[in-house]
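Structure at a glance
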Amino acid sequence: METRSVRVRAFAKVNLGLRVLHKRADGYHELRTVFQSISLADRLSIEFRPARNTRLEMDCAAPIADNLVLRAAKALMEAARIHGVVRFRLEKRIPMGGGLGGGSSDAAAALLVLPVLAGKEVSFATLHRIAASVGSDVPFFLIGGTVLGLGRGEEMYPLPAPVARNVLLVAPPVHSSTPEAYRALDRGPESALTFTGRLHENIKFQELVRRLAVSEGGEGWKLYCQNDFEDVVLARHPELRALRKRLLHSGAEPALLSGSGSALFGIFHTPNEVQQARERILAGWRAAGEIRAEAVGFVSRERYQAAYWRALAPHMDGRLWPPRSRYDR
Ligand code: C5P
């Protein structure tokens with residue numbers, strides 16, 4: 001059989017809300033978050049050829065120690081009994097270590113695409129189980145758009161898409177470690193991260209979700225965006241605090257950290273405001289060319305899934321989600 005290949009966009013995410021509750025018995029933290037897909041995307045090419053001996057190859061210019069794409073592909077091929085030679089070519093455009101979910105999105109792309117190329121139907125439940133084993137954020141990228149995430153983030157409830165076309169994403173060359181950010185929260189002044197300890201903050205999160213859920217095209221949800229990591233991460237990295245201030249002074253409503261950082265984003269009213277904020281941020285950073293500032297937009301679940309359908313069209317049967325292979329016997 002000939003080699004089957006596709007090239008997909010693996011979209012990044014930001015968090016519109018992120019609450020970290022208590023530390024659980026399994027060592028993870030209980031989350032309340034709203035994930036949002038954005039237009040910035042990695043490009044992942046996947047070639048598949050059936051073969052008795054499975055072999056996975058990764059071609060990527062950026063050095064990545066533990067590539068989640070390979071972990072996801074290996075787990076999937078074992079679970080679905082797919083045998084073949086798979087070649088990935090990964091073009092990184094999403095800054096790494098920014099809290100933008102790039103590696104998780106790449107891994108989910110492999111999970112969505114490989115069954116289609118291999119002609120195997122894999123249930124959403126199986127994809128979800130494998131995704132969650134690869135990383136807490138990976139399941140979100142099996143759905144995309146706007147999603148309420150509970151548990152480690154893997155228990156998901158799709159929400160209607162809020163409109164935000166004028167978003168400035170800022171990725172400074174600052175490393176913010178996720179496990180360290182969680183540890184800092186555990187040690188913080190309110191070390192018992194519980195519902196009762198921060199009831200007011202929970203009400204704010206509930207209001208964010210409620211406003212997104214009723215949507216009606218309103219913008220009231222913007223007042224209720226929040227990220228629990230900001231206190232500890234901005235305290236540790238004053239340059240991030242300065243960037244957030246600059247976003248706010250440029251008219252962002254709101255300006256937030258994404259995940260545990262170090263990327264930030266600001267939502268503006270006009271493209272002009274975005275460009276002005278971008279120029280101010282680039283001009284104000286200590287070394288030119290070190291920081292990235294890009295205009296992006298929110299991506300709805302409809303657009304997210306349509307992008308996969310478009311890329312997979314030659315290999316697909318109908319417009320189902322997850323995408324369904326036409327080679328499936
Ligand atoms: O699941 P993932 O491998 O992406 O998580 C990375 C680290 O972040 C975990 O090892 C853990 O320290 C922390 N984490 C957490 N609670 C979560 C998600 C991640 O404590 N819900």
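All figures in this text were calculated on a predicted structure; none of them were measured in a lab. Counting of residues starts from 1 at the beginning of each chain's written sequence and follows it residue by residue. Where totals are concerned, whole chains, interfaces and linings use all residues; where local detail is concerned, this predicted model gives features only for residues with pLDDT of at least 70, and gives and counts side-chain atom pairs only at 80 or more. Side-chain numbers here rest on the full set of heavy atoms in the structure, without hydrogens or water.

Considering the sheet that holds strand β7 (residues 167-171)
- With respect to topology, 4 strands assemble into an open sheet ordered β9-β10-β7-β11, the strand pairing being antiparallel. At either margin of the open sheet sits one strand with a lone partner, and together these are β9 (255-257) and β11 (292-296). If you compare each strand with its neighbour and ignore which way they point, the axes differ by 20° on average.
- In this analysis, strands are considered paired if DSSP registers two or more bridges between them. Here a helix means four or more residues in a row that DSSP labels H or I, a strand means two or more in a row labelled E, and each is numbered from the N terminus. Relative to β11, β7 is paired through 5 bridges, and the arrangement is antiparallel. Looking at the pairing, Val167 lines up with Val296 of β11.
- Residues are treated as being in contact if the distance between any of their heavy atoms lies within 4.5 Å. Only the stretch in contact is used when fitting a helix axis, every axis being a line fitted to C-alpha atoms; angles between N-to-C directions are given from 0 to 180 degrees. Sitting on the sheet, helix α7 (residues 238-249) touches β7, β9 and β10 (264-267), and the angle it makes with β10 is about 10°.

Overview of the packing of aromatic side chains
- Between rings of Phe, Tyr and Trp, where Trp is taken as its six-membered ring, a pair exists when centres lie within 6.5 Å; planes separated by under 30 degrees are stacked, by over 60 edge-to-face, and by other angles tilted. By the definition in use, this model includes 8 aromatic pairs.
- Look at Phe140 and Phe141: their rings are 4.9 Å apart centre to centre, the planes differ by 65°, and that puts the pair in the edge-to-face class.
- The buried category is assigned to Phe140, whose relative accessible area is 0%.
- Between buried and exposed lies partly exposed: a residue is buried under 20% and exposed over 50% of the maximum accessible area for its type, with that area taken using a 1.4 Å probe on protein chains only. The buried category is assigned to Phe141, whose relative accessible area is 0%.
- The rule is short: NZ of Lys or CZ of Arg within 6 Å of the ring centre and within 35 degrees of the ring normal puts a charge over the ring. Just above the ring of Tyr327 sits the side chain of Arg4; from NZ or CZ to the centre is 3.4 Å.

Overview of the pairing of strand β3 (residues 55-60)
- As paired elements, β3 and strand β4 (residues 84-91) share 6 bridges and run parallel to each other. Residue pairing across strands places Met58 opposite Phe88, the latter belonging to β4.
- We call a crossover right-handed when, viewed with the strands running away from us, the connection from the first strand over the helix to the second turns clockwise. Tracing the backbone out of β3, into helix α1 (residues 68-79) and back to the parallel element β4 gives a crossover that is left-handed.

As for α7
- Multiply 1.5 Å by the residue count of a helix minus one, and that product is the helix's expected span. Compared with an ideal rise of 1.5 Å per residue, which puts 12 residues at 16 Å, α7 spans 16 Å between its outermost C-alpha atoms and is within 8% of the ideal.
- Those residues of α7 hidden inside the fold are in contact with β7, α6 (229-236), β9, β10 and α8 (271-284).
- The positive-phi residue at the C-terminal boundary of α7 is Gly251, with phi of around 105°.

Thoughts on the packing of helix α2 (residues 102-118) against helix α3 (residues 124-134)
- Packing of α2 against α3 leaves a shortest axis separation of 10 Å and a crossing angle of 150°. The orientation of α2 with respect to α3, classified from their angle, is roughly antiparallel. Classified by chirality, the crossing of α3 by α2 is right-handed. Residue-level inspection shows Ala107, Leu111, Leu112 and Pro115 of α2 in contact with α3, the latter providing Leu127, Ile130, Ala131 and Val134.
- Residue composition of the contact of α2 with α3, by class: 8 nonpolar, no polar and no charged. Note that the term roughly parallel is reserved for angles under 35 degrees, roughly antiparallel for angles over 145, roughly perpendicular for angles of 65 to 115, and oblique for everything else. Note on convention: the crossing is left-handed when the near helix lies turned anticlockwise from the far helix by less than a right angle, right-handed when the turn is clockwise. For this scheme, ten residues count as nonpolar: Ala, Val, Leu, Ile, Met, Phe, Trp, Tyr, Cys and Pro. Four count as charged, namely Asp, Glu, Lys and Arg, and the remainder, Gly too, count as polar.

Brief notes about a positive patch on the surface
- Patch membership requires more than 30% relative accessible area and the absence of a salt bridge. Residues of like charge join within 9 Å; the nonpolar side chains Val, Leu, Ile, Met, Phe, Trp and Tyr join within 5 Å. The accessible surface values rely on the Shrake-Rupley method and a 1.4 Å probe; as for residues, cover is taken only from the protein chains in view. For this document, the term salt bridge refers to a Lys or Arg side-chain nitrogen within 4 Å of an Asp or Glu carboxyl oxygen. The charged-residue count follows a simple rule in which Lys and Arg add positive charge and Asp and Glu add negative charge, with His and chain termini not counted at all. By convention, the charge on Lys lies at NZ, on Arg at CZ, on Asp at CG and on Glu at CD. On the surface, Arg9, Arg303, Arg310 and Arg319 cluster together to form a positively charged patch.
- Taking the relative accessible area as the measure of exposure, Arg310 reaches 53% and is therefore exposed.

A look at the pattern of salt bridges
- Counted according to the given criterion, the structure contains 22 salt bridges.
- Between Lys74 and Glu78 there is a salt bridge, and its shortest N-O distance comes to 3.6 Å. One end of the pair is Lys74 and the other is Glu78, both in helix α1 and 4 residues apart, which spans about a single turn.
- By relative accessible area, which is 57% here, Glu78 ends up exposed.
- We note a salt bridge from Glu207 to Arg211, for which the minimum N-O separation is 2.8 Å. Here the residue Glu207 and the residue Arg211 both occupy positions in helix α5 (residues 199-214), the gap between them amounting to 4 residues, near one helical turn.
- By relative accessible area, which is 29% here, Arg211 ends up partly exposed.
- Salt bridges sharing common partners tie together Arg24, Asp26, Glu30 and Arg32.

Describing the site of the ligand
- Around the ligand, a shell composed of Gly27, Tyr28, His29, Leu31, Gly135, Ser136, Arg152, Thr178, Pro179 and Tyr182 is seen.
- By the criterion applied in these results, polar contacts are pairs of N or O atoms within 3.5 Å in which, for protein atoms, one can donate a hydrogen and the other can accept it, and in which residues neighboring in sequence qualify only through two side-chain atoms. Here an oxygen atom of the ligand sits 2.6 Å away from a polar atom, N or O, in the side chain of Ser136.
- Bound to the protein, the ligand loses 69% of the 450 Å² it would expose on its own.
- Put simply, the parts of the chain that give the shell around the ligand at least two residues each are β2 (29-50) and α4 (178-187).
- Of all the elements, α4 adds the most residues to the shell around the ligand, at 3 residues.
- Tallied by class, the residues present in the shell around the ligand amount to 4 nonpolar, 5 polar and 1 charged. Here a residue is considered near a molecule or strand provided that any single heavy atom belonging to it is located within 4 Å of it.

Describing unusual backbone geometry
- Cis geometry marks the peptide bond from Gly261 to Ser262; its omega dihedral reads 10°.
- You can see Ser262 is positioned in the loop between β9 and β10.
- For the bond from Trp321 to Pro322, the omega torsion is -5°, close enough to zero to count as cis.
- Relative to the assigned elements, Pro322 resides in the segment after α9 (301-312).
- In this structure, Arg81 is a non-glycine residue whose phi angle is positive, near 50°.
- One can find Arg81 in the loop between α1 and β4.

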